[in-house]
Amino acid sequence: EQGNFYNSKMYFYKKNGNLNSIHYQEDGRNLKTELFNRKRMVTEIIYFNKKSGDKEKVEIYKNGKRKETRIYTAFNVYHTIKTKE
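Residues numbered from 1 in each chain as written. Predicted model: local features only at pLDDT ≥ 70, side-chain atom pairs only at ≥ 80, totals over all residues. Heavy atoms only, no water.

Enquirer: Explain the overall build of the protein to me, and be specific about the residues and the numbers.
Expert: Along the backbone of the protein there are 0 helices and 7 strands. Secondary structure elements of the protein, listed N to C terminal, follow the sequence β-β-β-β-β-β-β. Projected onto its principal axes, the C-alpha coordinates of the protein cover approximately 55 × 35 × 20 Å. By residue count, 21% of the 85 residues in the protein fall in the buried class. In the protein, of all internal contacts separated by at least 6 residues, the share reaching a separation of at least 24 is 2%. For the protein, the exposed surface amounts to about 6900 Å²; the carbon and sulfur share of it is 47%. Once the 19 positive and 10 negative side-chain charges of the protein are each reduced to a mean point, those two points are 10 Å apart. (Helix = DSSP H or I, 4+ residues; strand = E, 2+ residues; numbered from the N terminus. Buried < 20%, exposed > 50% of the residue type's maximum accessible area, 1.4 Å probe, protein only. Contact = heavy atoms within 4.5 Å. Areas by Shrake-Rupley, 256 points an atom, 1.4 Å probe, with all protein chains shown as cover. Lys, Arg positive; Asp, Glu negative; His and termini not counted. Charge placed at Lys NZ, Arg CZ, Asp CG, Glu CD.)

What follows is the structure in structure tokens.
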């Protein structure tokens, strides 16, 4: 009768066994996805709107440091915020 949702974390691997991404769900809805390179460093984090499932924000990393943040206002429309070094 009562549909309970659970928080989950799913790991995805490449054919050679290296970590490709980690996908997070909260209350049964997409929350965020972390993408990794071959050195197991984060290259991108994609945040999703829990109600609509659309991208809200994408953080792009280079050498383990955040390079830029893209904030989405529509499907393919976003504003870029560069990180000062």
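Here the narrative resumes, following the displayed structure.
Enquirer: How would you sum up the packing of aromatic side chains? Please name residues and give values.
Expert: A complete count under the given rule lists 1 aromatic pair for this structure. Seen from their ring centres, Tyr-72 and Tyr-78 are 5.2 Å apart, and the 50° between their planes marks the pair as tilted. Taking relative accessible area as the criterion, Tyr-72 reaches 14% and is therefore assigned buried. Note that Lys-32 overlies the ring of Tyr-24, its terminal NZ or CZ placed 4.9 Å from the centroid. Sitting over the face of the ring of Tyr-47, Lys-57 holds its NZ or CZ atom 4.9 Å from the ring centroid. (Phe/Tyr/Trp six-rings, centres within 6.5 Å; stacked < 30°, edge-to-face > 60°. Lys NZ or Arg CZ within 6 Å of the ring centre and 35° of its normal.)

Enquirer: How would you explain the nonpolar core if you had to name every residue and give the values?
Expert: Within the largest apolar cluster, 5 residues are counted, these being Ile-46, Phe-48, Val-58, Ile-60 and Tyr-72. Elements represented by at least two residues in this core include exactly strand E4 (42–48) and strand E5 (55–62). (Core = buried A, V, L, I, M, F, W, Y, C linked by side-chain atoms within 4.5 Å.)

Enquirer: Help me get a handle on the sheet that holds strand E6 (residues 65–72), residues and values and all.
Expert: Across the sheet, 7 strands lie side by side as E1-E2-E3-E4-E5-E6-E7; this open sheet has antiparallel pairing. Across the chains shown, the open sheet's two edge strands, defined by having one partner strand only, are strand E1 (8–13) and strand E7 (78–82). Averaged over all neighbouring strand pairs, the angle between strand axes comes to 15°, with direction disregarded. Where E1 and strand E2 (residues 19–26) come together, 6 bridges link them in antiparallel fashion. Directly across from Tyr-13, in E2, lies its bridge partner Leu-19. (Pairing = 2+ DSSP bridges. Axes fitted to C-alpha atoms, helices over the stretch in contact; angles between N-to-C directions.)

Enquirer: Residues and numbers for the side chain of Glu-34, please.
Expert: Relative to the helices and strands, Glu-34 resides in strand E3 (residues 29–36). Among the polar contacts listed, one links the side chain of Glu-34 to the side chain of Lys-32, at a separation of 3.4 Å. If we ignore the near neighbours within four places in the chain, the residues touching Glu-34 are Asn-20, Ser-21, Ile-22, Tyr-24, Glu-44 and Ile-45. (Polar contact = N/O pair within 3.5 Å; in protein donor to acceptor, adjacent residues only side chain to side chain.)

Take it as geometry only, folks, not as evidence of what the structure does.
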